[in-house]
Structures are given as structure tokens and as C-alpha cells.
Amino acid sequence: MERTAIEDDLERTLGRIAELATVASDSAVLTQVAMLLTGFVERHRSELTFESFPLPTGVDEALCSYELHSADATGLTLYLNAIRGGVNSVVHDHGTWAVIVAIAGQERNRIYRLLDDGSSPDRAVLELEREITVRAGQPLVLEEGQFHSIHTADAEPALQLHLYGRPIDTINGRRIADLQTGQLVYLDSAGS
């Protein structure tokens, strides 16, 4: 079967990202990764739509996650997420770095700073560091171990690319943080 222009462009873009990510995964490199993904979205926004990647149909589902790419050799995994309006997530980390680029809609992210030394595996003291709204031209870079929460406006769903350093569904040790008590809950790769 013949490949499409978007598939060829995605392969080239991810190849360049893989080259960068093997060098390092620090903030500067992840910012370059975000710019490459932003360029891809700008070139193909008209093809990346809710019609092609629909929102979830179940009333209790917050998003549909479509895997676009997964590379065993590098671990890079790219999802396109269709996120309902009115989502307010728990505070969590991903167990790897992440780059999020908007296609449509907006998503407010609250980014948290770890205040303690991390010596207690079941507790964390976090404070709000900043808020950033992921929207067209404004990506989000999360380094490994960084906590955040996501929030979408009630009437505005979002469509986004999420690139992770490893397949998110295979990572054990992702954490959910309770801001009031400081308790950490660890997720296994099945999400429980």
C-alpha cells in the first residue's frame, strides 16, 4: 500500500526527534522536539481533525488516545489525544518526559514543583509553579518526574499530540499526588 504525504512527513519528523532524543532529554532538547512537532502540526492541521480522531463516546471517558507511532529501539511513542471539554485531571507525572502540542482547542496545565528532597517514596510536598495553556503555537515540555494536572473548558474539547520518551502504557511507577495530604499513589503499566 502506498504511503501518504502525512505518513512520510511524520516518519521524517520522528526520525529527527529520535536523533535529538538519543543525545539528551533535557529542557533544551525537548524544546527543539516541541518545535519539530509544532511544525508537523502546522503542515497537517487540516488532516488532524475530530472527524478523523473522534472524542470518546462513553459518558465517563475523558479522552480517546490514538497511538500514531511506537518505536521499540528508541522508546519514542506518539499519541493523538481527543480530550473532552470539562476535564480536570489529578496531579500526576508520566514516568518519562513528555511533549504536548495542540492541534485544536486549549488545555490549561498546572505545573508543580517538588519542594521536598524526594526521600519518602510515598509522600511529596508540591507547590504550584506555573500555569501554561497548551494551544496552537504554545506547546508544553515536561521533563521526567515533573508533576502536572490538565484542565479543559466545559464547552471546548482539545485535540493534541503527546510524545513520550517511552510507551506510557508500559511504564510502572507513574505517580498520582494528593496535594492536600502529600500522599503518592503509584500506577502500574495497566493504569491501576
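My aim in this report is to walk through the structure given alongside it, one point at a time. Just so we're clear, the structure is a prediction, and the values are computed from it rather than from any experiment. Residues take numbers from 1 onward in each chain, read along the sequence in its written order. Predicted model: local features are reported for residues with pLDDT of at least 70 only, side-chain atom pairs are reported and counted for 80 or more only, and whole-chain, interface and lining totals are derived from all residues. Values shown for side chains rest on all heavy atoms present in the structure; no hydrogens or waters enter the calculation.

**Structural notes on the pattern of salt bridges**
Step number 1: Just to be clear on terms, a salt bridge is a Lys or Arg side-chain nitrogen sitting within 4 Å of an Asp or Glu carboxyl oxygen. Under the counting rule described, the total for this entry stands at 11 salt bridges.
Step number 2: Between Glu 19 and Arg 16 there is a salt bridge; the shortest N-O distance is 3.1 Å. With a gap of 3 residues between them, Glu 19 and Arg 16 both fall in helix H1 (residues 5–23), about one helical turn apart.
Step number 3: With a relative accessible area of 47%, Glu 19 lands in the partly exposed category.
Step number 4: Under the scheme applied here, a residue whose accessible area is under 20% of the maximum for its type counts as buried, over 50% as exposed, and between as partly exposed, the area being computed with a 1.4 Å probe on protein chains only. You can call Arg 16 partly exposed: its relative accessible area is 37%.
Step number 5: Salt-bridge contacts for Arg 110 lead to Glu 131; the nearest nitrogen and oxygen are separated by 3.3 Å. Separated by 21 residues along the polypeptide, Arg 110 in strand E5 (residues 107–114) and Glu 131 in strand E6 (residues 126–134) bring together distant segments of the chain.
Step number 6: Each of Arg 113, Glu 127, Glu 129 and Arg 130 takes part in a single network of salt bridges with overlapping partners. Helix and strand assignments follow DSSP, with helices taken as H or I runs no shorter than four residues and strands as E runs no shorter than two, numbered in order from the N terminus.

**Regarding the side chain of Thr 13**
Step number 1: Mapping Thr 13 onto the fold places it in helix H1.
Step number 2: Counting of polar contacts relies on pairs of N or O atoms within 3.5 Å, with two restrictions inside protein: one atom must be capable of donating a hydrogen and the other of accepting it, and residues adjacent in sequence are counted only when both atoms are side-chain atoms. Within the structure, Thr 13 has its side chain in polar contact with the backbone oxygen of Asp 9 (distance 2.8 Å).
Step number 3: The contact criterion used is simple: two residues touch if any of their non-hydrogen atoms lie within 4.5 Å. Thr 13 has contacts with Leu 36, Phe 40 and Arg 43, leaving out every residue within four places of it along the chain.

**Some thoughts on the layout of surface pockets**
Step number 1: Both cavities and pockets are sets of points on a 1 Å grid over the protein atoms alone; in a cavity a 1.4 Å probe fits but cannot get out, in a pocket the set is open with protein on both sides within 12 Å along at least five of seven lines, and lining residues sit with an atom within 4 Å of a point. Grid points are joined across faces, edges and corners, and a volume is the space filled by probe spheres set on the points. Considering only enclosed or pocket space, the largest pocket measures out at about 630 Å³ in volume.
Step number 2: Lining the largest pocket we find 24 residues, and of these Leu 63, His 92, His 94, Tyr 164 and Arg 174 sit closest to its centre.
Step number 3: Of all the secondary structure elements, the ones that give two or more residues to the lining of the largest pocket are strand E1 (63–70), strand E2 (77–83), strand E8 (147–151), strand E9 (158–164) and strand E10 (174–177).
Step number 4: In this classification, Asp, Glu, Lys and Arg are treated as charged, Ala, Val, Leu, Ile, Met, Phe, Trp, Tyr, Cys and Pro as nonpolar, and every other residue, Gly included, as polar. Residues that form the lining of the largest pocket fall into these classes: 11 nonpolar, 8 polar and 5 charged.
Step number 5: By volume, the second largest pocket is sized at about 220 Å³.
Step number 6: Considering the residues around the second largest pocket, the lining is formed by Arg 3, Ile 6, Glu 7, Leu 10, Glu 11, Leu 14, Phe 40, Leu 48, Phe 53, Leu 68 and His 69.
Step number 7: At the level of secondary structure, the elements contributing two or more residues to the lining of the second largest pocket comprise H1 and E1.
Step number 8: Looking at which element gives the most residues to the lining of the second largest pocket, the answer is H1, with 5 residues.

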